[in-house]
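Survey of secondary and tertiary structure
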Amino acid sequence: MMKNPLIFFAEEAKRRGYTIKVVGDYCFKKSRRIDSPRIRFTKTIPEGITVTEYQPRTKKTKEINVKRARLRDVLR
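My aim in this report is to walk through the structure given alongside it, one point at a time. None of these values were measured; they are calculated from a predicted model. (Residues numbered from 1 in each chain as written. Predicted model: local features only at pLDDT ≥ 70, side-chain atom pairs only at ≥ 80, totals over all residues. Heavy atoms only, no water.)

1. Points about the pairing of strand β3 (residues 38-45)
Let me state the cut-off plainly: Pairs of strands are assigned from DSSP output, requiring at least two bridges between the strands. Numbering of helices and strands starts at the N terminus; helices are DSSP runs of H or I of at least 4 residues and strands are runs of E of at least 2.
Alignment of strand β2 (residues 27-29) against β3, held across three bridges, turns out to be antiparallel. Looking at β3, one finds that cysteine 27 is bridged to arginine 40. Connecting β3 to the antiparallel partner strand β4 (residues 48-55) that follows it, the hairpin turn spans two residues.

In structure tokens form, the structure reads like this:
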């Protein structure tokens, strides 16, 4: 079991190139623009976490399951 899934989410967001934390939300953006792509923490699952990528220009979302093993490699 993960101790704090939000730490893993922050590491995954930075690995994917999302650098700006949205205040008051479990979300990161790529830039300060309104139409910038975002990644949002969705839920925890037994093998890791689920995040959702949202593209405001095309209004498309994509759910991504991030396995715990990959997260351990990122933190090393």
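2. Quick notes on the sheet that holds β2
The condition is simple: Contacts: residue pairs with any heavy atoms within 4.5 Å of one another. The axes are straight lines fitted to the C-alpha atoms, using for helices just the contacting stretch, and the angles between their N-to-C directions are given from 0 to 180°.
Strands sit in the order β1-β2-β3-β4-β5 across an open sheet of five strands; the sheet is antiparallel. Each edge of the sheet is formed by a strand with only one pairing partner; in this case those strands are β1 (20-21) and β5 (60-67). Contacts from helix α1 (residues 5-15) reach β2, β3, β4 and β5 within the one sheet, and its direction differs from that of β3 by about 145°.

3. So, unusual backbone geometry
Definition in use: Relative accessibility thresholds used throughout: buried, under 20% of the residue-type maximum; exposed, over 50%; partly exposed, between the two (1.4 Å probe, protein chains only).
Even without being glycine, lysine 59 reaches a positive phi, approximately 60°. Position of lysine 59 among the secondary structure elements: in the loop between β4 and β5. Residue lysine 59 is classed as exposed on the basis of its relative accessible area, which comes to 62%.

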